[in-house]
Amino acid sequence: MDEMFSGQFNPMTAIDIHSHRQGSRVSHLTGARIIMACRDVERAEEARSDILEDTGNENILIRKLDLSDTKSIRAFAQVINKEEKQVNILINNAGIMMCPYSKTVDGFEMQFGVNHLGHVLLTYLLLDLIKSSAPARIIVVASVAHTWTGLRLDDINSETSYDAIKAYGQSKLANVLFARSLAKRLQGTGVSVFSLHPGVVQSDLWRHQHQCIQVAVNIFRIFTKTTVEGAQTTIFCAVEQGLESQSGNYFSDCAAARCSRTAANDDLAQRLWEVSCDMLGITWQ
């Protein structure tokens, strides 16, 4: 994929956002400037050392970002907008999976707040820079879990009742709907948007699960993807040439895939857009 990358984005700056240690999903791209945005800087430094050993890419920066705190998001965006001349690829990949009920610093249900609202705010704050860097791409790492449930817009913070699995599914559905809405708003700007399912990946996302589930995951490990394998669809959407006409689509296994009927509901996507902007206190037409 280096050939695809070099022909379309050269030189390239990519921001890769993640909250668990798995290294940058685009770190193998020769010559790319990678900004790893992570909540745990110490673990990110360890990942950076591994990446340097594996790829020889020294052009990897680490910046602190906590998507559960809008002040941290705004501070990160301010630094990027000040220091970077371009951002060609933004990978919204941070995730919390099926955790016990809790809230973000700003009072949002944790999974919806981190997995969806945090990415919405960051994208909003970086969008002018991304548009000026066109051609550019915004990648939203969702999940097949978006098919598990619908949106509870009347109780988006799960305050009347909380089901960890459904809350995770709701946040992933929000990812697909957000990518769909954003792609429509960015038509004609040279910025493409894609959502995707990375596969069932061997990562510490499973850390909040009951011990029985963790045992099952280990037993069926042969059927799951390594973090390298799980990164392939993300990399595909980030650098594959000729995908612009498919902006807004959902991908799986490096190909366009069918999302749920709910995720393709434009009216619902618009309602989510309005609710999200209201929760974040931003005006985004």
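Data block above holds the structure.
For the structure given in this document, a descriptive report is provided here.

The next point concerns the packing of aromatic side chains. Inspection of every chain in the model, using the stated rule, returns 8 aromatic pairs. Consider the rings of Trp 148 and Tyr 168, whose centres lie 6.2 Å apart with planes at 55 degrees: the pair is tilted. Here Trp 148, found in the loop between strand S5 (136-141) and helix H5 (164-185), pairs with Tyr 168, found in helix H5; they are 20 residues apart in sequence, far enough to count as distant. According to the relative accessible area criterion, Tyr 168 is buried, its value standing at 7%. Among the aromatic residues, those joined into a ring-pair cluster are Tyr 124, Phe 178, Trp 273 and Trp 284. The ring of Trp 273 has Arg 185 sitting right over it, with the charged end atom 3.8 Å from the ring centre.

Going through the model one piece at a time under the given rule, you end up with 7 salt bridges. For the salt bridge of Lys 103 with Glu 159, the shortest nitrogen-to-oxygen distance reads 2.8 Å. Of this pair, Lys 103 sits in the loop between strand S4 (89-92) and helix H4 (110-132) while Glu 159 is found in the loop between S5 and H5, placing the two residues 56 residues apart along the sequence. The partly exposed category is assigned to Lys 103, whose relative accessible area is 38%. A relative accessible area of 52% places Glu 159 in the exposed class. Residues Lys 184 and Asp 266 are paired through a salt bridge, measuring 2.6 Å at the closest nitrogen-oxygen approach.

What counts, and where the lines are drawn
Residues numbered from 1 in each chain as written. Predicted model: local features only at pLDDT ≥ 70, side-chain atom pairs only at ≥ 80, totals over all residues. Heavy atoms only, no water. Phe/Tyr/Trp six-rings, centres within 6.5 Å; stacked < 30°, edge-to-face > 60°. Helix = DSSP H or I, 4+ residues; strand = E, 2+ residues; numbered from the N terminus. Buried < 20%, exposed > 50% of the residue type's maximum accessible area, 1.4 Å probe, protein only. Lys NZ or Arg CZ within 6 Å of the ring centre and 35° of its normal. Salt bridge = Lys/Arg side-chain N within 4 Å of Asp/Glu carboxyl O.

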